[in-house]
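Understanding the architecture of this molecule
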Amino acid sequence: MATTDATTKDHDGPTGGPGHADAAEGAAGPGGHADGGSTVRSLLRLWPYVRPVRARLFGAACVAVVASCVGLVIPLVLKWLVDGPVAGHDPQGVWLGALYLLLLGFAEALLFGLRRWLVARPLAGVEADMRADLYRHLQRLPVAFHDRWASGQLLSRATTDLMLLRMFLAFPLTFLFVNAVTIVVGMVIMLLQQWTLGLVLLAPVLPVVLVCWLFERRYSQVARLAQDQVGDLTTVVEESVLGIRIIKGFGRHRSQARAFRELSRTLRGTELAKARLLASIWAVIVTLPELAIGAALVLGTVQVADGDLSAGTLVAFLSTALALRWPIDSIGFLLAMSQEAATATQRYFEVMDSAPESADPADGAAGEGAGLRKGVGTGAGTGTRDGVGMGTPDDADAGDGDRHGPAPGSGASRHDGDGDVEGPEGIGAGAAGHVRAGAGGLRFHGVRFRYPDAPADAAPVLDGIDLHIRPGETMALVGATGSGKTTLTALIPRLHEVTSGRITLDGEDITRMPRATLRELVAVAFEEPTLFSASVGENVLMGAADTAGETELDRALAVAQADFVHALPEGAATQVGEQGLSLSGGQRQRLALARAVVGSPRFLVLDDPLSALDVHTEAAVEAALRRVLARTTALVVAHRPSTVLLADRVALLSGGRVAAVGTHHELLRSNAEYAWLMSGTEDTGAARGAGHGTDTARRTAHAGARTEEDHR
């Protein structure tokens, strides 16, 4: 089957291999115009998909050729009928000739029906395989690709373009060959019947070929433009549907309608340009052969009158010429469909040629990653996906009770190169307090990151990040808007690849792990909660192994304080709809948090997970979340003191660098920028200064102490 073949080829088959992926992506870009070369060269890239069904396609083409040749026999029967029974006044011969014509017509119809039956099922399979390969490849492409490409462009490639390719394989591919054979056989028959009249019909060949060549060049450009505009229109429709609440809330439906009409008008103009080109070639292709047939009719009539040609031969000649009208007239739209298919092929392979995420490591590295997943070499208090190697209940309780670090009077901290905190009491407190400091946990080693499409001279988003989150420790990541917090969290599950430096999980470089292993170890709750058109239970259990069931689901919902699920019409089986928009923002965020914790992940990354919750729900979630954090190594992006207090230590991110690391109270006293971020005041002058112990810092420290006391 085509599925097996297309799946096993990866990118050495129709995708052209990874060798030229970057060039293709750079040439095309999102919705750009790739230099796809000739039509034939583009269409030949479909061969790996067509190869599994080539026998049926070839059989269908042969059946169509036979059917067309059967149609060419009909003029020969007419010649016999006119020169024989009609001329000899033989009624029985006339009825016999009519029976022959009826049988030939019936046979032609049956053969064309057989051709359609032969191609229908396999070509539907080819389209399905190509769509499945495209979807599979989209899942493997890096996030940077999806950031650049409009979703409408991708949707149009998966729908409209693949439909055009299926239509091409079903009709133009076969009939360009069949019609060529039919024209050649018909011309041979006419030349054998009367070569002078045959030469008259051959006169338009050269002008028609020239017009077809010019048409191909111009139509390909317009066809590409039209298909790209369909993608743009699809993007607008999708954005309008997903953002319907914003459009209605701001009363912007008229402006959106105007934008849609403008794009529709542009697409209409392009389609009319296509129609004009098609009309021009059709006019030439139809007119010139008709003039040739008219000239042959006049010349043949003169020859019949002079006795040089029988009436039956003239009838047969003209019947053959008329039988060739359809193969000749169809050249125009067959070429048009072929051009559209070539453009669709180029657009399809623009995506398939885009380089996927870097390949997984060799088997040896995969084995090491698997060993990490099973808890090899981990410290106390570290949770695993299978529950192996977790700290004892006493350890967990000690870590939880000690989670807020040293007392406020413990003194200032100092940020060293590892991101560890050294102070009067040595290593930081919390669950990590009784775990040996070392290579374990989550560690950033000189990480530098710049987005792939950023200008070469642009400053990196992250520069020289050195940070160590010890096994069993929770670290809060704090920084001003745009400081790179979300980008930093996206590097851990390798949604983006670091530009330089490395990230390790319990001493193992994440680039040496298979992505499947890495993403089993690390669970992420993103800042913007995304739900799928599925049930609540299916959305939450996406974060767990396939064997997870009701027990794990109920536990995760309890941690996220998502008791509202049980009040839904069908409980956890309730469908949440597209993007989960049938739920409130806080409900979606709690389900996203439940999805992150349901699999008991070894490492947990939370990007401002409580921003959409009210203070009472937030407090309840924090209380349950503390028990989860006591058994895992976590990085939590935080903007509010209440979220920061979940952590053992805090890292301040400023200007793409780690500016300070310490406990919440240490940084309140020692770092003016952190104090300003936590205070939420407008008094920025003193808070941003270089000095310590400003009034803002002192006020925030007291506020933080009160908040901590409340949480205790």
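All of these numbers come straight from a predicted model, not from anything done at the bench. (Residues numbered from 1 in each chain as written. Predicted model: local features only at pLDDT ≥ 70, side-chain atom pairs only at ≥ 80, totals over all residues. Heavy atoms only, no water.)

1. Concerning the packing of helix α23 (residues 585-597) against helix α24 (residues 615-629)
- It is at 12 Å that the axes of α23 and α24 come closest, and there the two elements cross at 5°. It follows from the interaxial angle that α23 and α24 lie roughly parallel. Facing α23, whose interface residues are Arg590, Leu593 and Val597, α24 presents Thr617, Val621, Leu625 and Val628.
- Of the residues contributing to the contact of α23 with α24, the split by class is 5 nonpolar, 1 polar and 1 charged. (Axes fitted to C-alpha atoms, helices over the stretch in contact; angles between N-to-C directions. Helix = DSSP H or I, 4+ residues; strand = E, 2+ residues; numbered from the N terminus. Parallel < 35°, antiparallel > 145°, perpendicular 65-115°, else oblique. Contact = heavy atoms within 4.5 Å. Nonpolar A, V, L, I, M, F, W, Y, C, P; charged D, E, K, R; others polar.)

2. Focus on the nonpolar core
- Counting 36 residues, the largest nonpolar core has Val540, Leu591, Leu604 and Leu625 as the members making the most contacts within it.
- Elements with a contribution of two residues or more to this core: β8 (522-525), α21 (536-541), α22 (550-559), α23, β9 (603-607), α24 and β10 (633-637).
- Apart from the residues lying within four places of it in its own chain, the contact partners of Leu625 are Val559, Leu593, Val597, Leu606 and Leu646.
- Ranked by size, the runner-up nonpolar core spans 32 residues in total, among them Leu123, Phe145, Leu162 and Val351. (Core = buried A, V, L, I, M, F, W, Y, C linked by side-chain atoms within 4.5 Å. Buried < 20%, exposed > 50% of the residue type's maximum accessible area, 1.4 Å probe, protein only.)

3. Looking at the packing of aromatic side chains
- This structure, assessed with the given rule, holds 11 aromatic pairs.
- Where Tyr49 meets Tyr348, the ring centres are 6.3 Å apart and the plane angle is 80°; that geometry is what we call edge-to-face. Separated by 299 residues along the polypeptide, Tyr49 in helix α4 (residues 47-50) and Tyr348 in helix α16 (residues 331-352) bring together distant segments of the chain. Comparing Tyr49 with Tyr348, the two get one shared label, buried.
- Taken together, a centroid distance of 6.1 Å and an interplanar angle of 20° make the contact between Phe112 and Phe175 stacked. In this pair, Phe112 is assigned in helix α6 (residues 91-140) and Phe175 in helix α9 (residues 172-193), connecting sequence segments 63 residues apart.
- For Phe175, a relative accessible area of 6% puts it in the buried group.
- Feature note: the residues Phe112, Phe171, Phe175, Trp282, Trp326 and Phe333 constitute an aromatic cluster, connected by ring pairs.
- When the ring centre of Phe349 is taken as origin, the NZ or CZ atom of Arg45, which lies over that ring, is 4.2 Å away.
- One Lys or Arg, Arg56, reaches over the ring of Trp117 and ends 5.1 Å from the middle of that ring. (Phe/Tyr/Trp six-rings, centres within 6.5 Å; stacked < 30°, edge-to-face > 60°. Lys NZ or Arg CZ within 6 Å of the ring centre and 35° of its normal.)

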